[in-house]
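# A look at the structure
Here is how the chains run, residue by residue.
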Amino acid sequence: MSEPLVGILMGSDSDWPTMKAAADALQEFGIASETRVLSAHRTPDEVADYARSAHTRGLRVIIAGAGGAAHLAGVVAAHTPLPVIGVPIESQSLKGLDSLLSIVQMPAGVPVATVAIGGARNAGLLAVQILATADSKLLERYVGFKARLADEARAKNSRLKS
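Let us look at the structure shown here.

Parameters at a glance
Residues numbered from 1 in each chain as written. Predicted model: local features only at pLDDT ≥ 70, side-chain atom pairs only at ≥ 80, totals over all residues. Heavy atoms only, no water. Helix = DSSP H or I, 4+ residues; strand = E, 2+ residues; numbered from the N terminus. Rg over C-alpha atoms; globule rule 2.2 N^0.38 Å. Buried < 20%, exposed > 50% of the residue type's maximum accessible area, 1.4 Å probe, protein only. Contact = heavy atoms within 4.5 Å. Phe/Tyr/Trp six-rings, centres within 6.5 Å; stacked < 30°, edge-to-face > 60°. Lys NZ or Arg CZ within 6 Å of the ring centre and 35° of its normal. Patch = residues over 30% accessible without salt bridge, like charges linked within 9 Å, V, L, I, M, F, W, Y side chains within 5 Å. Areas by Shrake-Rupley, 256 points an atom, 1.4 Å probe, with all protein chains shown as cover. Salt bridge = Lys/Arg side-chain N within 4 Å of Asp/Glu carboxyl O. Expected span 1.5 Å × (residues − 1). Pairing = 2+ DSSP bridges.

### Observations concerning the overall build of the chain
- Helix and strand content of the chain: 6 helices and 5 strands.
- The order of helices and strands in the chain, counted from the N terminus, is β-α-β-α-β-α-β-α-β-α-α.
- Against the 2.2 N^0.38 benchmark of 15 Å for 162 residues, the chain shows a C-alpha radius of gyration of 16 Å, consistent with a compact globule.
- Overall, the C-alpha framework of the chain stretches about 60 × 40 × 30 Å when taken along its three principal axes.
- In the chain, which comprises 162 residues, the proportion classed as buried is 40%.
- Restricting the contact set of the chain to residue pairs at least 6 apart, pairs at least 24 apart contribute 67%.

### Focus on the packing of aromatic side chains
- If you walk through the whole model with that rule in mind, you get 3 aromatic pairs.
- Taken together, a centroid distance of 5.6 Å and an interplanar angle of 75° make the contact between Phe29 and Phe145 edge-to-face. Here the residue Phe29 occupies a position in the loop between α1 (16–28) and β2 (33–37), and Phe145 occupies one in helix α6 (residues 136–160), the gap between them amounting to 116 residues.
- We classify Phe29 as buried; its relative accessible area is 5%.
- Classification of Phe145 as buried rests on a relative accessible area of 9%.
- Taken together, the ring pairs in this structure connect Phe29, Tyr142 and Phe145 into an aromatic cluster.
- Positioned above the aromatic ring of Tyr50 is the side chain of Arg57, whose terminal nitrogen or guanidinium carbon lies 4.8 Å from the ring centre.

### Some remarks on a nonpolar patch on the surface
- Residues Leu94, Leu97, Leu101, Val104 and Ile117 make up a contiguous nonpolar surface patch of about 420 Å² in total accessible area.
- Take Ile117: it is sitting in the loop between β5 (113–114) and α5 (120–132).

### Overview of α5
- Relative to the 18 Å expected for 13 residues at 1.5 Å per residue, α5 spans 18 Å between its end C-alpha atoms, a close match to the ideal helical length.
- Within α5 the residues assigned to the buried category are Ala120, Ala123, Gly124, Leu125, Ala127, Val128, Leu131 and Ala132.
- Buried residues along α5 sit in contact with β1 (6–10), α1, β3 (61–66), β4 (84–88) and α6.

### Observations concerning the sheet that holds β1
- One open sheet holds the 5 strands; their spatial order is β2-β1-β3-β4-β5, and the pairing between them is parallel. In this open sheet, the two edge strands, each paired with only one partner strand, are β2 and β5.
- Of the pairings in the sheet, the one linking β4 to β5 comprises 2 bridges and is parallel in character. From the neighbouring strand, Ile85 faces β5, where its bridge partner is Ala113.

Structure, rendered in structure tokens:
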């Protein structure tokens, strides 16, 4: 792996058990990432600085996970030209529904791709797909990954047949 292409942000280090799945997915494809704890509410200036400089530092995609009010992905998207993928983190009070709604309800002109509650692996895979649009070797590897998923599904089906 070389310089990071994907930034993985989370509102708190308690989000890491969820967000690690994004880092793991990227690593499976040999994509370097960087990880930071940044809070839209407690460190808003640092979030804005990170988002504004991300593309000049070579990042191509940002994945932002947060729970509760979950404004991190939206604040990042407001300050960067890069694609942002939001990961709603499951919360105790509303089981992540609050986070999902906070991330997915973005105003026109400030898009955030949003995955399922706790769906950090899919966020990592979506980042791979975004990067693969400009990298034919990565695209080929992703096509192989999808073929393996299909083979695994077929194998499960054949085990059910008697």
